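Each chain, letter by letter, is given below.
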Amino acid sequence: MSKLPWIVGVVVVAALLWLLPEPAPVEENSFTVGPINVFDGEKVLQAHYVSVEEGVIVRVDSQPPNTNQRVYPTKPGQWLIPGLIDSHVHAWGKAREQALDFGVTTVIDLFGHPSELVKARQQRSSVQLQQEADMWGAGRLVTAPQGHGTQFGFSPHPLADNDSAEAAVSERIAEGSDFIKIVYTAEGAAYPHRPSISYQQLQRVIQAAHAQQVLAVVHIADHLSAEHAVAAGADGLVHGFFDKPMSEELMGVMEDSQVFVVPTNIIYEHLVHGEFNTKVLLPACGDCFNQGNANNLSGGGATMASTSFYNNLQTNTRLLNESEIDVLVGSDAPNPGTAHGISLIAELMWLEAQDVNWQDAINSATALAASRWRINNRGRLAVGQRADIVLIDSSPEQGMQVLLEPQAVWKNGYQVR
Amino acid sequence: MNQWLVEAQMDMRVLLRSPSFYLPAFAFPVVFYFFFGIMVDFSNGHSDYLLISYACFGIMGPPFFHLAVSIASERTHGWLTLKLLSPMKFNSFIFAKLVNSAVFSAVILLLLYIESAWLAGVRLWFWQWGLLTLIFTLGTLPFAALGMLIGALVADRAAAGVVNLIYLPMALLSGLWFPLFLMPDWVQWVAYGLPSYHLVQLGYAVIGKADEVSWYWHIIYLCLFSVSMMAVLKGLSGRFSGSQS
């Protein structure tokens with residue numbers, strides 16, 4: 001008997017494997033981009049060249065570098081801004097890939113399966129090529145039995161009694177949660193909700209989170225619950241509200257205790273008015289977004305249509321802008337009226353429509369977001385920061401819609417869009 | 001060595017004359033992947049992830065069925081006793097079945113690779129295609145050992161049924177058909193005890209999507225599982241020679 005058939009078999013397998021398609025080759029993650037206008041996440045710089053070495057920004061300067069580094073060509077009038085941070089998403093499937101389409105290079109997941117957390121942690125510590133935004137996440141949220149969050153198919157952490165607060169926090173941290181998200185609705189709240197944990201439980205969970213040095217953020221949807229959450233010591237509110245204008249007392253307490261807020265205006269606008277996506281976002285977008293996927297943005301809005309709610313939403317955006325409260329930009333995608341990536345730009349366009357200064361708005365989606373979520377090397381164009389960068393054709397001052405069509409997006413220094 | 005190759009080639013000839021063995025073995029993973037990985041797209045765009053899930057599912061079939069059914073059959077009908085009376089070494093009999101199971105598994109892998117590259121746009125580096133092939137070809141061993149155990153314990157007519165009773169739930173509970181996080185938490189604890197879970201994690205590691213456990217723990221588990229199966233089989237060696245029924 002011959003060994004030949006076996007040898008031929010091995011050669012055929014090897015040849016077939018060799019013929020299988022490989023990923024497209026990528027350029028190195030070291031380059032210089034410029035000359036170009038630069039908004040570093042906090043202010044406009046007098047620098048015009050940004051240099052990247054192996055995925056990290058190594059030089060921001062007004063002069064080109066002397067080295068023979070690959071130069072990314074630019075056109076007059078173009079701008080660089082840091083990769084955007086969406087401070088409220090629920091990321092699964094293609095979410096983080098879709099986020100990159102609109103320059104969102106980091107997402108804050110505020111209720112997702114914990115199996116994603118460890119992978120996300122490994123991924124964000126690497127500067128390898130990836131076709132997904134980085135993720136920091138809360139994992140399972142803390143809520144009441146039958147409370148908000150229990151309807152989504154996988155289990156949150158329902159708190160049955162006061163004594164389980166510490167365990168809820170410890171278990172979340174053991175699962176890889178970067179912060180603790182709690183769902184709370186005050187008794188007598190104007191906006192009806194599912195069952196909620198008590199104020200005492202809310203306090204206990206927040207104290208337990210702080211004892212373990214992690215942020216405790218609270219899902220609220222009305223003014224009274226916001227007051228309670230702030231009084232209980234929350235670090236942030238991950239929704240705004242529209243049942244009434246923000247009171248001076250609440251704003252004062254939030255300023256004093258440095259509580260941030262992620263207002264998620266677009267999802268609320270979709271709920272109480274339902275016109276921003278169809279009349280502002282999608283017309284500005286043109287073909288920037290797959291229209292076949294646009295149903296979530298255009299359909300089913302105004303289920304709680306109310307002029308006073310809508311006016312309150314606009315008023316609260318203005319009041320927050322005039323206050324010293326840190327406002328972060330988050331989309332709550334992929335809930336009704338939102339989609340990953342594009343809805344963060346919609347939030348920025350909403351802020352623009354309410355006369356929020358463009359630098360403040362971009363800051364809320366970059367450097368400020370990184371700072372408040374305690375993310376060290378994202379959100380700014382500065383030496384030592386991860387090279388997550390967005391190239392746009394004009395200044396956002398001329399219209400936030402320029403962000404709908406980024407000319408280049410770099411993740412870890414690799415051009416991914 | 002010649003005797004080992006002869007036995008392997010004879011065994012291969014028998015298999016090639018049994019389309020009822022190899023056609024379902026090829027078709028199941030290819031069709032399942034087409035429906036759940038491409039048409040319905042349970043993977044939400046992560047076709048490479050589901051390719052590995054179904055590759056693991058596919059390669060489990062040949063060693064399970066070939067070892068279990070043919071050993072049960074040859075043992076029940078006395079062919080194994082006859083063979084053991086001949087100068088043939090028992091190890092060459094087992095070796096032939098192991099090698100041919102691996103060969104059929106390699107064919108399943110290639111079919112899935114071509115399907116995934118052609119229809120789902122999966123793109124991997126040559127080293128990833130090669131490493132996956134190596135992992136899943138060697139990964140047939142624990143299932144072959146389990147198949148041998150089934151073959152040693154059950155009658156020939158029951159073997160295929162018993163294999164299905166183990167094979168299909170094992171695939172489901174290891175997250176090969178649906179991601180584990182879509183199933184109740186207790187399923188994840190069951191999965192940790194199954195060789196298919198550990199094998200598929202090695203596959204996921206090749207594309208950077210494994211769980212948080214280091215890859216070498218999965219290898220250690222698979223080795224320990226195979227060795228334990230072999231130890232049990234050694235204790236049952238009388239059943240192969242016909243001294244026990």
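The coordinates are above.
Residues numbered from 1 in each chain as written. Chains lettered and ligands numbered in written order. Predicted model: local features only at pLDDT ≥ 70, side-chain atom pairs only at ≥ 80, totals over all residues.

(A) View of the overall build of chain A. Across its full length, chain A carries 14 helices and 18 strands. The buried share of chain A, reckoned over its 417 residues, is 50%. For chain A, restricting intrachain contacts to residue pairs at least 6 apart in sequence, the fraction spanning at least 24 positions comes to 68%. (Helix = DSSP H or I, 4+ residues; strand = E, 2+ residues; numbered from the N terminus. Buried ≥ 20, exposed ≤ 12 C-beta atoms within 10 Å, placed from the backbone. Contact = placed C-beta atoms within 7 Å.)

(B) How the structure looks around the sheet that holds strand E17 (residues 408-411) of chain A. All names here are of chain A. Here we have five strands laid out as an open sheet, ordered E2-E6-E16-E17-E18, and mixed in their pairing. Looking along the sheet, the strands with just one partner apiece sit at the ends: strand E2 (37-38) and strand E18 (414-415). Across two bridges, the pairing between E17 and E18 is antiparallel. Opposite Lys411, over in E18, you have Tyr414 as the bridge partner. (Pairing = 2+ DSSP bridges.)

(C) Broad picture of the pairing of strand E12 (residues 180-183) of chain A. Residues and elements named next belong to chain A. Side chains Ile180 and Ile182 project from E12 onto one buried face, and the interleaved Lys181 and Val183 project onto a second face that is buried too. Pairing geometry for E12 and strand E13 (residues 216-219), over four bridges, is parallel. Counterpart to Lys181 in the pairing with E13 is Val217.

(D) Focus on the sheet that holds strand E7 (residues 84-89) of chain A. Residue and element names in this part refer to chain A. One open sheet accounts for three strands, arranged E7-E8-E9; its pairing is parallel. On the outer flanks of this sheet lie E7 and strand E9 (134-137), each paired with one strand and no other. Each strand axis lies, on average, 20 degrees off the axis of its neighbour in the sheet, ignoring direction. (Axes fitted to C-alpha atoms, helices over the stretch in contact; angles between N-to-C directions.)

(E) Summary view of the nonpolar core. With 118 residues, the main nonpolar core has Val50, Ile182, Val205, Ala229, Ala234, Ile345 and Leu348 of chain A as its most contacted residues. Counting residues per element, this core draws most heavily on helix H12 (residues 342-353) of chain A, at eight residues. Those residues in contact with Ala234 of chain A that lie beyond four places of it in its chain are Ile206, Ala216, Val217, Val218, Ala229 and Val259 of chain A. Residues Ala25, Ala72, Leu146 and Leu202 of chain B belong to the second largest nonpolar core, which totals 63 residues. (Core = buried A, V, L, I, M, F, W, Y, C linked by C-beta atoms within 7 Å.)

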